Amino acid sequence: MSSPRRPGRRTNLALLVLLAASFATGWLAFGVGASPALAVVTTLHGVIGLGLVVLVPWKSVVARRGLRRNRPHLGALTLASLIVASLVAGVAHATLGPLDVAGISALDVHVGAAFLVVPAVALHVAQRPQRLRRTDLSRRTALQSLGLAGGATIAYAAVETVSSVARLPGSGRRGTGSYEAGSGQPSRMPVTQWFTDDVPDLDPASYALTVHLPERHPRRVTYSELVAAADTDVRAVLDCTGGWWAEQEWRGVRLDRLLGEVEGESIVVRSVTGYTRRLPAADAPRLVLATYVAGAPLSAGHGAPVRLVAPGRRGFWWVKWVAQVSLDDEPWWLQPPFPLQ
Ligand code: HEM
Ligand code: HEM
Ligand SMILES: Nc1nc2c(c(=O)[nH]1)N[C@H]1C(S)=C(S)[C@@H](COP(=O)(O)O)O[C@H]1N2
Ligand SMILES: [Mo]
């Protein structure tokens, strides 16, 4: 028995795969390091995302047929609007630069709309389920997928070529997709909180860092002791998932020196405001608790009296206003991949 032919089924399934892969690679790009080599992930992300555009001619056939049916279309049209908004904002960010309208950036719109796509597409698919067939694993599907991949690569290459020929700001972005802002001039570097944190006003004179080592009494380290211990200068790039980066010269104390013997699995760095990240203990020699940037004490916005400098990691690891550093035996990856606050 053959089921009734449903043109567009494969198009719909391809859209589903592309959406899942866009979402996964988008968060991957935010999650894994901050080196320029991340261009591999962001390029893949861009190619997959533009694959959706390649499928427009096929999907419009499906959509027109669907729109003729007597059913509510609000959900499907909302989904379409969210996808368009996310795509336009993503390409705008990648080509035109760090756009900002009333404090909302193109990248905010891109990620925000993509976030809302998840429930919208779940609803859309739940109401219009598409069956998988054994023939989906065929030579024909493989060839179609290859064609789609080729089309998507061409679309991505076209965007990048226009961007570089027209010398759009995008041609100067970092591999992470971020734009330079305030390198060497911390006062021009944006002050960014991950979500809801507020800049606290702390008095260095009464501030002390608490250091917790296993089976030892907590140790208090005052601000002046931290400044006196600051023996390390690192030039490092702070690359925020908000879409900007800056290189600064940071001065502070290396975590392995502050902690002494680093025994344990991970280091927990917690701020006065409760913002917390857990890092592998093996990273201690590369991590710096900085009190100075570009030769001057940190400003309140940039983490005074002391912040973490985590070279090679995205900005959300660089805990500001550090109150406590502790060492324990839990693995560092036993935490949400992104801060929840
Ligand atoms: C890029 C994401 C997508 C967009 C923008 C989109 C948009 C639309 C629109 C506007 C319609 C016509 C209106 C309606 O039927 O109410 C439609 C119909 C439909 N969509 Fe999607 N869709 C997307 C992804 C998907 C996915 C992932 C599936 C399933 C796996 C799917 C399955 C269907 C089906 C079965 C129809 C109805 C076709 C018919 O009744 O003849 N769509 N879609
Ligand atoms: C519906 C899901 C998504 C789609 C279809 C999508 C698609 C795209 C597209 C087409 C671009 C432009 C690429 C270029 O022209 O260079 C882009 C850029 C970007 N997207 Fe997404 N995206 C999605 C979700 C996400 C999510 C969830 C994140 C992060 C959590 C994200 C982060 C980024 C970043 C950082 C860029 C800039 C990369 C660059 O400049 O090359 N995206 N996205
Ligand atoms: N306590 C705390 N530290 C934090 C954050 C935060 O919200 N709270 N945001 C992080 C993020 S997302 C980034 S990009 C950097 C930004 O540092 P800056 O404000 O000095 O530029 O701080 C990180 N440290
Ligand atoms: Mo950030």
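Treat the numbers as computed from the prediction; the structure is a model and nothing was measured. (Residues numbered from 1 in each chain as written. Chains lettered and ligands numbered in written order. Predicted model: local features only at pLDDT ≥ 70, side-chain atom pairs only at ≥ 80, totals over all residues. Heavy atoms only, no water.)

Caption draft 1: Representation of helix H2 (residues 39–54) within the structure. An ideal rise of 1.5 Å per residue puts 22 Å on 16 residues; H2 measures up with 22 Å between its terminal C-alpha atoms. Along H2, the positions that sit buried rather than exposed are Val41, Thr42, Gly46, Val47, Ile48, Gly49, Leu50, Gly51 and Leu52. Buried residues in H2 make contact with helix H1 (9–31), helix H3 (56–68), helix H4 (74–96) and helix H6 (139–165). (Helix = DSSP H or I, 4+ residues; strand = E, 2+ residues; numbered from the N terminus. Expected span 1.5 Å × (residues − 1). Buried < 20%, exposed > 50% of the residue type's maximum accessible area, 1.4 Å probe, protein only. Contact = heavy atoms within 4.5 Å.)

Caption draft 2: Geometry of the environment of Arg167. Along the chain, Arg167 turns up in the loop between H6 and strand S3 (179–180). It is 24 Å that separates the C-alpha atoms of Arg167 and Met189, two residues lying 22 residues apart in sequence.

Caption draft 3: Region of interest: the side chain of Arg128. Within the fold, Arg128 resides in the loop between helix H5 (106–127) and H6. Here Arg128 occupies a buried position and makes no salt bridge, while the nearest side chain of opposite charge, Asp136, is found at 18 Å. Ignoring anything within four residues of it in the chain, the contact list for Arg128 reads Arg71, Pro72 and Ala76. (Lys, Arg positive; Asp, Glu negative; His and termini not counted. Salt bridge = Lys/Arg side-chain N within 4 Å of Asp/Glu carboxyl O.)

Caption draft 4: Inspection of the site of ligand 3 at higher detail. Pro190, Asp197, His302, Arg307 and Lys320 are the nearest of the 22 residues found near ligand 3. Taking Trp194, its main chain carries an N or O atom lying 2.8 Å from an oxygen atom of ligand 3. In this structure, Arg307 approaches ligand 3 through a side-chain N or O atom, which is 2.7 Å from an oxygen atom. For ligand 3, whose unbound accessible area comes to 530 Å², protein coverage reaches 100%. Across the shell around ligand 3, the residue classes tally to 12 nonpolar, seven polar and three charged. (Near = heavy atom within 4 Å. Polar contact = N/O pair within 3.5 Å; in protein donor to acceptor, adjacent residues only side chain to side chain. Areas by Shrake-Rupley, 256 points an atom, 1.4 Å probe, with all protein chains shown as cover. Nonpolar A, V, L, I, M, F, W, Y, C, P; charged D, E, K, R; others polar.)

Caption draft 5: Region of interest: the packing of aromatic side chains. Considering all chains together, one arrives at 11 aromatic pairs under this definition. Plain terms: the ring middles of Trp27 and Phe338 are 5.0 Å apart, the flat faces sit at 55° to each other, and that makes the pair tilted. Taken together, the residues Trp27 in helix H1 and Phe338 in the segment after strand S13 (322–328) connect sequence positions 311 residues apart. Residue Trp27 is classed as partly exposed on the basis of its relative accessible area of 26%. (Phe/Tyr/Trp six-rings, centres within 6.5 Å; stacked < 30°, edge-to-face > 60°.)

Caption draft 6: Seen up close, the nonpolar core. Grouped together as the largest cluster of nonpolar side chains are 47 residues, with contacts concentrated most on Leu209, Trp250, Leu255, Ile267 and Leu289. Beyond its immediate sequence surroundings of up to four residues, Ile267 is in contact with Leu255, Leu259, Arg277, Arg278, Leu279, Pro280, Ala281, Ala284, Leu287, Val325, Ser326 and Leu327. Leu52, Ile83, Ala113 and Val117 belong to the second-largest nonpolar core, a separate cluster that totals 14 residues. (Core = buried A, V, L, I, M, F, W, Y, C linked by side-chain atoms within 4.5 Å.)

Caption draft 7: Main features of the coordination of the iron atom of ligand 1. Bound to the iron atom of ligand 1 are the protein donor atoms Lys59 (NZ) and His124 (NE2), situated 2.0 to 2.1 Å from the metal. One way to put it: the six donor atoms around the iron atom of ligand 1 meet at angles of 86 to 180°, and that makes the site octahedral. Pair noted here: Lys59 is in helix H3 and His124 is in helix H5, with a separation of 65 residues, a long-range link. Residue His124 is classed as buried on the basis of its relative accessible area, which comes to 17%. (Donors = N, O, S within 2.8 Å, 3.2 Å for Na, K, Ca; no water. Tetrahedral: all angles 85-135°; square planar, octahedral: opposite > 155°, others 65-115°.)

Caption draft 8: Broad picture of the domain arrangement of the protein chain. Each assigned domain of the protein chain is listed here: domain 1 (9–177) and domain 2 (181–328). Taking the mean C-alpha position of each, domain 1 and domain 2 sit 36 Å from one another. Contacts between domain 1 and domain 2 engage 11 residues on the former and 10 residues on the latter. When the two sides are added together, the surface that domain 1 and domain 2 hide from each other amounts to roughly 870 Å², 54% of it contributed by carbon and sulfur. Sorting the residues of domain 1 by area buried against domain 2 places Phe30, Ala34 and Arg174 first, and these three jointly supply 53% of that buried surface. Between domain 1 and domain 2 we count one salt bridge in total. Measuring nitrogen to oxygen at the nearest pair gives 2.7 Å for the salt bridge that ties Arg174 to Asp239. Applying the counting rule to domain 1 against domain 2 returns four residue pairs in polar contact (both at pLDDT 80 or more). Residues belonging to the side of domain 1 that touches domain 2 are distributed by class as follows: five nonpolar, five polar and one charged. (Domains from an automatic or database assignment. Buried area = accessible area lost by both parts, 1.4 Å probe.)

Caption draft 9: Fine view of unusual backbone geometry. With omega at 5°, the peptide bond leading from Ala304 into Pro305 counts as cis. Note that Pro305 resides in the loop between strand S11 (296–297) and strand S12 (307–309). In the Ramachandran plot, Glu215 falls in the positive-phi region, its phi being about 55° despite a non-glycine side chain. Structurally, Glu215 can be placed in the loop between strand S4 (208–212) and strand S5 (219–222). Not every positive phi belongs to a glycine, and Ala294 is a case in point at roughly 50°. Here Ala294 lies in the loop between strand S10 (288–293) and S11. On the basis of relative accessible area, Ala294 is assigned to the partly exposed category, the value being 40%.

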